[in-house]
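Next come the chains, spelled out residue by residue.
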Amino acid sequence: QVDSAEIYLDGAANIFRHPEFRDVGRARDFLNILDEKQVIDKLLSTGSSGDGVTVRIGSENIIDEIRDCSLVTATYSLGDTIIGSIGVIGPTRMEYSKVISSMKYVREKIREELRKLVGEDLDNNPQTG
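Residues numbered from 1 in each chain as written. Predicted model: local features only at pLDDT ≥ 70, side-chain atom pairs only at ≥ 80, totals over all residues. Heavy atoms only, no water.

1. Some points on the overall build of the protein chain
From N to C terminus, the protein chain includes three helices and three strands. Starting at the N terminus and walking to the C terminus, you meet the elements of the protein chain as α-α-β-β-β-α. Counted over contacts in the protein chain with a minimum sequence separation of 6, partners at least 24 positions apart contribute 45%. When the accessible surface of the protein chain is totalled, it reaches about 8,000 Å², and 49% of it is carbon and sulfur. (Helix = DSSP H or I, 4+ residues; strand = E, 2+ residues; numbered from the N terminus. Contact = heavy atoms within 4.5 Å. Areas by Shrake-Rupley, 256 points an atom, 1.4 Å probe, with all protein chains shown as cover.)

What follows is the structure, given as structure tokens:
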């Protein structure tokens, strides 16, 4: 539920390093969309495939302002309950293998920390990936 979602956003200014965002209007539209909590929540939750990594490239994105970008998302869970999502928005020419590998690593580290917090035994919980 969006009202209870906590969204942390970092690195948005890095998008200006890419030539496709040197157009001020385009960059403004992109940054404005990142200010919308409901939009970010929708981006992170739409099409997430259970406990996997989802990649949406260009026109596969549901929000017009990021149709020139790629979005890589991953969910993390405890047991059968998905409790969060992480995502990377970048140019369509991003290094997908590097981003996906990083997302899987971060997702697993988050999962490990969550298990420690709730006291789950890591040895009895097979890792999925």
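The structure having been displayed, the exposition proceeds.
2. Observations regarding the pairing of strand 3 (residues 81–91)
For a regular strand, side chains alternate in direction, first toward one face of the sheet and then toward the other. Alignment of strand 2 (residues 69–78) against strand 3, held across 10 bridges, turns out to be antiparallel. From the neighbouring strand, Ala74 faces strand 3, where its bridge partner is Ile86. (Pairing = 2+ DSSP bridges.)

3. Concerning the pattern of salt bridges
Counted under the stated rule, the structure contains six salt bridges. Across the pair Arg26 and Asp68 runs a salt bridge whose closest N-O atoms are separated by 2.5 Å. Note that Arg26 is positioned in helix 1 (residues 24–34) and Asp68 in the loop between strand 1 (53–57) and strand 2, a separation of 42 residues in sequence. You can call Asp68 partly exposed: its relative accessible area is 40%. Look at the salt bridges and you will find they share partners, linking Glu108, Arg111 and Arg115 into a network. (Salt bridge = Lys/Arg side-chain N within 4 Å of Asp/Glu carboxyl O. Buried < 20%, exposed > 50% of the residue type's maximum accessible area, 1.4 Å probe, protein only.)

4. Describing the nonpolar core
Core analysis: the biggest nonpolar cluster contains 13 residues, and Phe30, Ile33, Leu43, Ile63 and Ile66 have the highest contact counts within it. Looking at this core, the elements that each hand over two or more residues are helix 1, helix 2 (37–45) and strand 2. Considering every element that reaches this core, the biggest residue donor is helix 2, with four residues. In this view, Ile66 contacts Phe30, Ile33, Leu43, Gly58 and Asn61; residues no more than four positions away in its chain are not counted. Counting residues in hydrophobic clusters, the runner-up holds nine residues, among them Ala74, Ile86, Met94 and Val99. (Core = buried A, V, L, I, M, F, W, Y, C linked by side-chain atoms within 4.5 Å.)

5. Comments concerning the sheet that holds strand 1
In spatial order, the strands read 1-2-3; together these three strands make up an open sheet with antiparallel pairing. Each edge of the sheet is formed by a strand with only one pairing partner; in this case those strands are strand 1 and strand 3. For this sheet, the mean inter-axis angle between neighbouring strands, taken without regard to orientation, is 15 degrees. (Axes fitted to C-alpha atoms, helices over the stretch in contact; angles between N-to-C directions.)

6. Some remarks on the pairing of strand 1
Only one face of strand 1 is buried, namely the one carrying Thr54 and Arg56, since none of Val53, Val55 and Ile57 on the opposite face is buried. As defined by bridge partners, strand 1 adjoins strand 2 across five bridges and the pair is classed as antiparallel. Pairing of Val55 across the sheet is with Val72, part of strand 2.

7. Notes on helix 3 (residues 96–118)
Counted at 1.5 Å a residue, the expected span for helix 3 with its 23 residues is 33 Å, and the 33 Å between its end C-alpha atoms agrees. Where the residues of helix 3 are buried, they touch strand 1, strand 2 and strand 3. Of the residues flanking the end of helix 3, it is Gly119, one or two places downstream, whose phi is positive at about 80 degrees. (Expected span 1.5 Å × (residues − 1).)

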